[in-house]
Amino acid sequence: MSAAARVFALVLGVSALGPAAARAQQVPPAQAIEQARIQLDELRPDSALSLLRYALDPRAGAGVRERLRGFTLLGIAELVGGRRAEARQAFRQALALDPELRIDSLADLHSDLRPTFEAERASLARATQLAIVLEIPSDTSVQVLGGGFRVTALPSRRAMLLLSIARPTGEEVFADSQAANGITSFDWNLRGAGGAVAPAGRYVLRVLARDSVGQSSFQERTLTIELEPLDTVPLPPALDPSRLAPETTAVRQRKPAPLLRGLLFAAGAGLLAYTGPGPSGSLDSRAWAVSAALAAVGVAGYLSGTMVRLPNPAGVERNRSVREQDAAQRTAITESNDRARERARVHIRTTTRTP
């Protein structure tokens, strides 16, 4: 006698005995279920049914895992026996224990197993409303740099979750999606699509769930964002030119060339007057007058000189110091403001959105 036959005979014997005898000789449900699996492999659905009905009897005390496997195999045994309605009922009981149950490893036991099982899953899903539970901070303060706002969602069954945060005008600032089969978290870094921190104001947060059979459900909340005051200092205005000293100075520069030219022409005029053919020779006052005038022009040219601009080292050094002080002040203010922005926080309040 095979092991399966011995277990089957033992099950029948236990069923026929009274309660006391049954308690003394009871076959473990797990063993009966494993023997039922062997009977299915050997194409003996009726023997498998007897073993499974025994194992699934509440008096057998099967655990959740054993009941889950037992109802799955019971559905297969009913399907092999041509009883599709009974098979779907068994599958329904298995799915009630675990809505995410998979039968991939058993699909080769019957060609219609997968479509029948999935049809029952879809039917059960349609009969049960898809729901979402959200966990969102109601009132929180978040640091802008490196901080974030977390939304935790729990769908009632496996579903695709889509989260969006938008202005009341419909302008979307953040969106994300995840396949969820349990608790799922979304993290928003408080920035919009362009990377800038979202401005203060009201936003609409929406989480939409959609399952494999087309059911959908959504939750909405209103977010009110307030930017906490920044302890920053405005930059001073551009450096006023009046604070700068002249970097050049005007100097009168006298060159001997005009004087030499004047004296040379005066000497030439005097020489011509002295040796010329005039009636009075060297005593001709007009020639000497021209000579004197030319000499005077040369002297005047020398004395007036030329105005030129020369570097002023003291002014250049003073302006360098003023510019360095201004740049250092601006750098210190900028760095202080940057540190203040790093410490900046936003205050977010969440309320239930009303239609």
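Our structure is the block above this text.
Residues numbered from 1 in each chain as written. Predicted model: local features only at pLDDT ≥ 70, side-chain atom pairs only at ≥ 80, totals over all residues. Heavy atoms only, no water.

1. Focus on the packing of aromatic side chains
- One pass over the structure, following the stated rule, counts three aromatic pairs.
- Ring geometry for Phe-91 and Phe-117: centres 5.2 Å apart, planes at 75°, overall edge-to-face. Here Phe-91 is found in helix H6 (residues 84–97), whereas its partner Phe-117 is found in helix H7 (residues 113–127), with 26 residues between them in sequence.
- Judged by relative accessible area, which is 0%, Phe-91 ranks as buried.
- Taking relative accessible area as the criterion, Phe-117 reaches 0% and is therefore assigned buried.
- Measuring from ring centre to ring centre gives 6.3 Å for Phe-174 and Trp-188, while their planes differ by 35°; the resulting arrangement is tilted. Taken together, the positions of Phe-174 in strand E5 (residues 172–180) and Trp-188 in strand E6 (residues 184–188) put the pair 14 residues apart, joining distant regions of the chain.
- A relative accessible area of 16% means that Phe-174 is categorised as buried. (Phe/Tyr/Trp six-rings, centres within 6.5 Å; stacked < 30°, edge-to-face > 60°. Helix = DSSP H or I, 4+ residues; strand = E, 2+ residues; numbered from the N terminus. Buried < 20%, exposed > 50% of the residue type's maximum accessible area, 1.4 Å probe, protein only.)

2. Things to note about the pairing of E6
- The alternating pattern of E6 places Thr-184, Phe-186 and Trp-188 on a buried face, while none of Ser-185 and Asp-187, on the opposite face, is buried.
- Where strand E3 (residues 149–155) and E6 come together, five bridges link them in antiparallel fashion. The residue bridging Thr-152 from the neighbouring strand is Ser-185, located in E6. (Pairing = 2+ DSSP bridges.)

3. Regarding the nonpolar core
- Core analysis: the largest hydrophobic core is formed by 31 residues, its most contacted members being Leu-52, Leu-73, Leu-74, Ile-76 and Leu-113.
- Listed by contribution, the elements that provide at least two residues to this core are helix H3 (29–41), helix H4 (45–56), helix H5 (64–80), H6 and H7.
- Apart from the residues within four sequence positions on either side, Leu-74 is in contact with Leu-49, Leu-52, Leu-56 and Ala-90.
- In terms of nonpolar packing, the next biggest core, distinct from the first, is built from 29 residues, Val-151, Ala-159, Val-207 and Ala-344 among them. (Core = buried A, V, L, I, M, F, W, Y, C linked by side-chain atoms within 4.5 Å. Contact = heavy atoms within 4.5 Å.)

4. Overview of the sheet that holds E3
- The three strands lie next to each other as E1-E3-E6, forming an open sheet whose pairing is antiparallel. Each end of this open sheet is capped by a strand with a single partner; those strands are strand E1 (132–135) and E6. The mean inter-strand angle of the sheet, taken between neighbouring strand axes irrespective of direction, is 25°. (Axes fitted to C-alpha atoms, helices over the stretch in contact; angles between N-to-C directions.)

5. Some words on empty space enclosed by the protein
- Tallied over the full model, the rule gives one cavity of 30 Å³ or more.
- Its volume calculated, the largest cavity comes out at about 30 Å³.
- In terms of lining, the largest cavity is formed by Gln-39, Leu-40, Leu-43, Arg-44, Pro-45, Val-80 and Leu-109.
- The residue makeup of the lining of the largest cavity, split by class, is five nonpolar, one polar and one charged. (1 Å grid on protein atoms, 1.4 Å probe; cavity = no way out; pocket = protein on both sides within 12 Å on 5 of 7 lines; lining within 4 Å. Points joined across faces, edges and corners; volume = space filled by probe spheres on them. Nonpolar A, V, L, I, M, F, W, Y, C, P; charged D, E, K, R; others polar.)

6. Digging into H3
- Under the 1.5 Å per step criterion, the end-to-end length of H3 is 19 Å for 13 residues, consistent within 8% with the ideal 18 Å.
- Along H3, the positions that sit buried rather than exposed are Pro-29, Ala-32, Ile-33, Gln-35, Ala-36, Arg-37, Gln-39 and Leu-40. (Expected span 1.5 Å × (residues − 1).)

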